[in-house]
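Residue-level structure breakdown
In case you want the letters, here they are:
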Amino acid sequence: MTVVQNAIATGLSLPQTKRQEVTMSSTKRLARIAGVFYLLVGIFGGFAEGFVDPKMYVAGDAAATAANVVANSALLRMGVVAHLVDGAFFALTALTLYVLLKSVHKSVARAMLVFVVIAVGMISLNAVFQFEGLQVASDESYAIAFGAAGSNALVLLLLEIQHYGTLAAQVFFGLWLAPLGYLAYKSGLFPRALGIVLVVATVSYLLDLLAAFSFPELAKQIHPFLIIAPAIGEIWMVVYLLVWGVKTPHATDRASIAPLGQATVAR
């Protein structure tokens, strides 16, 4: 009788083990998709904010800013498209991570999603201001109506709005990392240290923003230090998602893995 019972138990356990393996495989695949989206956010955002924007905007110099816009009109158009594509992939990253982590704590996952939606809206609106700066700089009717100096001043104003708007969006670039860090820490799918670094990155982002608007000279001095945590946290997250997907649990822990969408922590 014992032999029969053992055989039945073994037969029943195999489908469950198989289901757990399928669940883990699906989770890893979803994580890697999120990693691809997150990597594209870095590529397009880095190109737009790190390469294109600095070539256009010259603080306090309307003539130089307008000249840069006219001389690099094709590059500016590419930058505008990059900003918009960056926003699209940022939204896709958040949506994929939401599906991956909502079972940990749905309310926190929703907060993460809301912060990203606001940031994407700001990115897209800022891109429109940048594009309008090009329209003003390249359309002679503005120079005729306002004079060359007035037209240049309008270009500077539009690019200043885009510049400071992007800086203001940093609030939400930072805030979304706090719920992401919490979910990464609690889920057991990522190293706990990664979750902690992401929460620290939120604080760094907010301090950097506060300094930029309140103490511009001090901000230039402390900025290189404040970007360390965000750089480490976000690069680590992207690499982990792409290379490992999520942590593979030990055999003794596999029973605790829940299918995607099934709550494992109180909401």
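Residues numbered from 1 in each chain as written. Predicted model: local features only at pLDDT ≥ 70, side-chain atom pairs only at ≥ 80, totals over all residues. Heavy atoms only, no water.

Looking now at the overall build of the protein chain. Broken down by element type, the protein chain carries nine helices and zero strands. Looking at the 267 residues of the protein chain, the share that counts as buried comes to 39%. Long-range pairs, those at least 24 residues apart, make up 79% of the contacts in the protein chain between residues at least 6 apart in sequence. Working note: accessible area of the protein chain is about 13600 Å², and carbon and sulfur atoms make up 69% of it. (Helix = DSSP H or I, 4+ residues; strand = E, 2+ residues; numbered from the N terminus. Buried < 20%, exposed > 50% of the residue type's maximum accessible area, 1.4 Å probe, protein only. Contact = heavy atoms within 4.5 Å. Areas by Shrake-Rupley, 256 points an atom, 1.4 Å probe, with all protein chains shown as cover.)

Considered for burial, the residues of helix α6 (residues 177–187) that qualify are L177, P179, L180, G181, L183 and A184. Of the residues trailing α6, G188 is marked for its positive phi of about 80°.

A word on the packing of aromatic side chains. Inspection of the entire model under this criterion finds ten aromatic pairs. Their ring planes at 35° and their centres at 6.0 Å tell us that F37 and F89 sit as a pair that is tilted. Of this pair, F37 sits in helix α1 (residues 2–56) while F89 is found in helix α3 (residues 73–101), placing the two residues 52 residues apart along the sequence. Here F37 falls in the buried class, since its relative accessible area comes to 19%. (Phe/Tyr/Trp six-rings, centres within 6.5 Å; stacked < 30°, edge-to-face > 60°.)

With 42 residues, the main nonpolar core has F90, W176, L180 and F190 as its most contacted residues. Of all the secondary-structure elements, those providing two or more residues to this core are α1, α3, α4 (106–138), α5 (140–175), α6, α7 (192–214) and α9 (228–243). With residues up to four places along the chain from it excluded, the contact list for F190 reads L100, L101, A184, M237, Y240, L241, G245, V246 and K247. Membership of the second largest hydrophobic core comes to 16 residues, among which are V52, A62, A127 and V136. (Core = buried A, V, L, I, M, F, W, Y, C linked by side-chain atoms within 4.5 Å.)

Where the model shows low pLDDT, its predicted coordinates should not be examined in detail. On average, residues of the protein chain carry a pLDDT of 87, and 84% of them reach 70 or more. When the criterion is pLDDT under 50, residues 1–5 qualifies, and its contacts beyond four places in sequence or with other chains add up to zero contacts. For residues 7–12, every residue scores under 50 in pLDDT, and the model assigns this stretch zero contacts once sequence neighbours within four places are set aside. (pLDDT = per-residue confidence, 0-100.)

This part is about the side chain of T166. The residue T166 is located in helix α5 in this model. Looking at T166, the relative accessible area reads 15%, which means it is buried. With residues up to four places along the chain from it excluded, the contact list for T166 reads E49, N126 and F173.

Looking at the element boundaries, G233 is found in helix α9. For the pair formed by G233 and L198, sequence separation is 35 residues and the distance between their alpha carbons is 5.2 Å. In contact with G233, other than residues within four places in its own chain, are L194, V197 and L198.

Attention shifts here to the pattern of salt bridges. This model, assessed by the stated rule, comprises one salt bridge. Of the charged contacts, one joins E217 and K220 as a salt bridge, the two residues approaching to 3.8 Å between their closest N and O atoms. Taken together, the residues E217 and K220, both in helix α8 (residues 216–226) and three residues apart, mark about one turn of the helix. (Salt bridge = Lys/Arg side-chain N within 4 Å of Asp/Glu carboxyl O.)

This brings us to the packing of α5 against α7. Interhelical geometry of α5 versus α7 gives an angle of 155° and a closest axis separation of 8 Å. Relative to α7, α5 is oriented roughly antiparallel. Considering only the axes of α5 and α7, their crossing is left-handed. Note on element contacts: α7 touches α5 through T202, Y205, L206, D208, L209, A212 and F213, opposite Y164, L167, A168, Q170, V171, F173, G174 and L175. Residue classes in the contact of α5 with α7 are distributed as eleven nonpolar, three polar and one charged. (Axes fitted to C-alpha atoms, helices over the stretch in contact; angles between N-to-C directions. Parallel < 35°, antiparallel > 145°, perpendicular 65-115°, else oblique. Left-handed = near helix turned anticlockwise from the far one by under 90°. Nonpolar A, V, L, I, M, F, W, Y, C, P; charged D, E, K, R; others polar.)

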